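# Observations on the three-dimensional arrangement
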Amino acid sequence: MLRRLTFLLFIACVAVPTLVEAKVKKTTPHAATKQTPSLAHAVYEPDGSFGFCLTDTAYPDGKKLTIAYSPSKQINIGITIPQGKFKIGSRYDLTIKLDKGAERKVRAATLDEETLLLQMGSNVSFRKKLAEAKILYIGSPSNTVSFGLPAIAARIKDLESCIQTKANTKDERAAKAEQMMPEPLKAILITAGFKDIVPISMKDIPPDERPADFLWQMGNILSGVRERAVPTDKSLSDMVGLHIQGLKKHCPGHFNAQIGREKPTPTLTLRTAEARCSPKNTSANDEDVFVSLLFYRTQAGAFTVFTFEGSTAHKRESKADRDQLLKTLLTMAKN
């Protein structure tokens, strides 16, 4: 097999702890692909402790409704509205109504540009009315958005059952991840909506031989991050060029790469790239390796590389993960 590009990072470079601090700790998990409610499932904190249970409903127009239920019987409602253009850090005064019932005022917090969080408390009456409702209305002074509630009674029961079976349990994988990934990095990945993150330990690899500062697996994609100080005479473009040339030098087959344009923000300058390494002998059992890269340089002179690598068959997944993180960093850097 061809050597993985992730392991061709400049392993001799010195890392500097300057990850961008995440301004939002968590986001609502991705919507289900089907236009039906998902079964309730448990959500664990980064340290592995049980947090809460939630269920999602995705709609054909791209909207999503998430209902979360905690052991203390607190209900939170997340609403996702495509192109909502909400301002991160802001709060919105809204009204909520079930069917033809009375309106209730609620203040919504922004999770990202398309998602709002409504904390409904532990009101038993509201929970019962929600289980019986057919339509949920969320209103603002200028607009009202409706969410149909298919099988909502079953979803509420799923949440209650989830709490009963999962409360006081622990996710050992998440607990292990706590030891292998720093809080700022985990916060960024969680904010970007990534889940099922499996850290990869490098404790048996000498520090000066490690391919990255931190490695983790998400589905079919192996990801990593490397940070280093930027020499005073080097720009972001210089560092990106050096990195791509390093990958090319270590590719034993055919190499090609594409580099995107710089994306400046008040605090960061970002750039993306993709690279592919193919075997010289097409009849061999070696497979193509594809890696999507995200580079950024801070005003303080720190250079960071995120890599998302897999076989060419998983090219779309690699690019989607990279672009998802890019979008999150751009949003964070502008606020």
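Residues numbered from 1 in each chain as written. Predicted model: local features only at pLDDT ≥ 70, side-chain atom pairs only at ≥ 80, totals over all residues. Heavy atoms only, no water.

Bringing the state of the cysteines into the picture now. Linking two cysteines covalently via their sulfur atoms produces the bond known as a disulfide. Tallying each qualifying case throughout the model produces two disulfides. Residue pairing for Cys 53: its cysteine sulfur links by disulfide to Cys 162, the two sulfurs lying 2.0 Å apart. Measuring handedness by torsion sign, the sulfur bridge of Cys 53 and Cys 162 sits at about -75° and is left-handed. On the criterion of sequence distance, the pair formed by Cys 53 in strand E2 (residues 50-58) and Cys 162 in helix H2 (residues 152-166) is long-range, its members being 109 residues apart. Residue Cys 53 is classed as buried on the basis of its relative accessible area, which comes to 0%. Judged by its relative accessible area of 7%, Cys 162 falls in the buried class. Disulfide pairing is shown between Cys 251 and Cys 277; the S-S distance is 1.9 Å. Its S-S torsion of about 90° marks the bond between Cys 251 and Cys 277 as right-handed, since a negative value means left-handed. Linking Cys 251 in the loop between helix H5 (236-250) and strand E13 (254-259) with Cys 277 in strand E15 (residues 268-278), this pair joins segments that are 26 residues apart in sequence. Assigning the bonded cysteines of the chain consecutive numbers by sequence position, one obtains the connectivity 1-2, 3-4. (Disulfide = S-S within 2.5 Å. Helix = DSSP H or I, 4+ residues; strand = E, 2+ residues; numbered from the N terminus. Buried < 20%, exposed > 50% of the residue type's maximum accessible area, 1.4 Å probe, protein only.)

Evaluation of the coordinates by the stated rule reveals five aromatic pairs. Geometrically, the ring pair formed by Tyr 44 and Phe 50 is edge-to-face, given 5.9 Å between the ring centres and 80° between the ring planes. Under the relative-accessibility criterion, Tyr 44 is labelled partly exposed at 22%. With a centroid separation of 5.7 Å and 70° between ring planes, the pair formed by Tyr 59 and Phe 147 is classed as edge-to-face. Of this pair, Tyr 59 sits in the loop between E2 and strand E3 (64-69) while Phe 147 is found in strand E9 (residues 144-148), placing the two residues 88 residues apart along the sequence. Each member of the pair Tyr 59 and Phe 147 is classed as buried. In this structure, Lys 63 is placed above the aromatic ring of Phe 147, and the distance from its NZ or CZ to the ring centre is 5.4 Å. (Phe/Tyr/Trp six-rings, centres within 6.5 Å; stacked < 30°, edge-to-face > 60°. Lys NZ or Arg CZ within 6 Å of the ring centre and 35° of its normal.)

With that settled, the discussion passes to helix H4 (residues 183-191). All buried positions along H4 are accounted for by Leu 185, Lys 186, Ala 187, Ile 188, Leu 189 and Thr 191. Downstream of H4 by a residue or two, Gly 193 has a phi angle that is positive, lying close to 90°.

Right, let's get into the confidence of the model for the chain. Taken over all residues, the pLDDT of the chain has a mean of 81, while the share at 70 or more is 84%. Note on residues 1-35: pLDDT is under 50 here. Beyond four places in sequence and across chains, it has 115 contacts. (pLDDT = per-residue confidence, 0-100. Contact = heavy atoms within 4.5 Å.)

Here the focus is the sheet that holds E2. In spatial order, the strands read E1-E2-E3-E4-E7-E6-E5-E8-E9; together these nine strands make up an open sheet with antiparallel pairing. Of all the strands in the sheet, just strand E1 (41-44) and E9 have a single pairing partner and so form its edges. Taking the axes of each pair of neighbouring strands and ignoring which way they run, one obtains an average angle of 30° across the sheet. (Pairing = 2+ DSSP bridges. Axes fitted to C-alpha atoms, helices over the stretch in contact; angles between N-to-C directions.)

Attention now moves to the nonpolar core. Of all hydrophobic cores here, the largest spans 33 residues; its most connected members are Ile 77, Ile 79, Ile 96, Leu 118 and Leu 136. When near neighbours in sequence (up to four residues on either side) are disregarded, Ile 79 contacts Lys 64, Leu 65, Glu 114, Thr 115, Leu 116, Leu 118, Ile 138 and Phe 147. Counting 23 residues, the second largest nonpolar core, distinct from the first, contains Met 218, Phe 306, Leu 326 and Leu 329. (Core = buried A, V, L, I, M, F, W, Y, C linked by side-chain atoms within 4.5 Å.)

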